[in-house]
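Notes for the structure review
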Amino acid sequence: MKSSAFRFIGQQYFERTHLWHDLKQIKNRWNQCKTMYQWHDWSLGETGLGRNENGTIIADDDWWNKNTQVLSS
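Quick caveat, the model's predicted, so the values are computed rather than measured.

Counting its regular elements, the protein chain contains three helices and two strands. Reading the secondary structure of the protein chain in the N-to-C direction produces α-α-β-β-α. On C-alpha atoms alone, the protein chain measures out to a radius of gyration of 17 Å, which is more than a quarter above the 11 Å that the 2.2 N^0.38 rule sets for 73 residues. Seen along its three principal axes, the alpha-carbon backbone of the protein chain occupies a region of about 40 × 35 × 20 Å. By the burial criterion, 11% of the 73 residues in the protein chain qualify as buried. A separation of at least 24 residues holds for 19% of the contacts in the protein chain among residues at least 6 apart in sequence. Here the protein chain displays about 6,400 Å² of accessible surface, and carbon together with sulfur accounts for 53% of that area.

In structure tokens form, the structure reads like this:
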């Protein structure tokens with residue numbers, strides 16, 4: 001996204017919450033949310049996983065350890 005889009009998001013957030021964040025903070029949070037959504041979307045396609053009534057994943061500890069590791073770059 002362009003900087004103007006992040007500024008718009010920041011302005012809309014301020015109008016609703018009266019909390020002001022720098023452009024860099026908005027961009028960082030956007031990237032965090034995007035990564036979390038991509039992982040969630042990927043996990044929906046994984047076969048063999050169950051779901052609780054509230055939508056959380058039912059999986060064994062091995063699956064969680066394998067799929068939630070933080071990889072160093």
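A complete count under the given rule lists seven aromatic pairs for this structure. Aromatic side chains Trp 42 and Trp 63 sit 6.3 Å apart centroid to centroid with 10° between the ring planes, which places their arrangement in the stacked category. Placement of the pair is Trp 42 in helix H2 (residues 23–45) and Trp 63 in helix H3 (residues 61–67), with a sequence separation of 21 residues. Residue classification places Trp 42 among the partly exposed residues on the basis of a relative accessible area of 35%. Feature note: the residues Trp 39, Trp 42, Trp 63 and Trp 64 constitute an aromatic cluster, connected by ring pairs.

Our next topic: a nonpolar patch on the surface. A cluster of nonpolar side chains, Met 1, Phe 8, Ile 9 and Trp 30, forms an exposed patch at the surface whose accessible area comes to about 420 Å². The topology assignment puts Phe 8 in helix H1 (residues 3–17).

Turning our attention to the side chain of Ser 43. One can find Ser 43 in helix H2. A distance of 2.7 Å separates the side chain of Ser 43 from the backbone oxygen of His 40, its partner in a polar contact. Beyond its immediate sequence surroundings of up to four residues, Ser 43 is in contact with Leu 49, Arg 51 and Ile 57.

Turning our attention to unusual backbone geometry. One non-glycine residue, His 18, adopts positive backbone phi at about 60°. Assignment of secondary structure puts His 18 in the loop between H1 and H2.

Rules behind the numbers
- Residues numbered from 1 in each chain as written.
- Predicted model: local features only at pLDDT ≥ 70, side-chain atom pairs only at ≥ 80, totals over all residues.
- Heavy atoms only, no water.
- Helix = DSSP H or I, 4+ residues; strand = E, 2+ residues; numbered from the N terminus.
- Rg over C-alpha atoms; globule rule 2.2 N^0.38 Å.
- Buried < 20%, exposed > 50% of the residue type's maximum accessible area, 1.4 Å probe, protein only.
- Contact = heavy atoms within 4.5 Å.
- Areas by Shrake-Rupley, 256 points an atom, 1.4 Å probe, with all protein chains shown as cover.
- Phe/Tyr/Trp six-rings, centres within 6.5 Å; stacked < 30°, edge-to-face > 60°.
- Patch = residues over 30% accessible without salt bridge, like charges linked within 9 Å, V, L, I, M, F, W, Y side chains within 5 Å.
- Salt bridge = Lys/Arg side-chain N within 4 Å of Asp/Glu carboxyl O.
- Polar contact = N/O pair within 3.5 Å; in protein donor to acceptor, adjacent residues only side chain to side chain.

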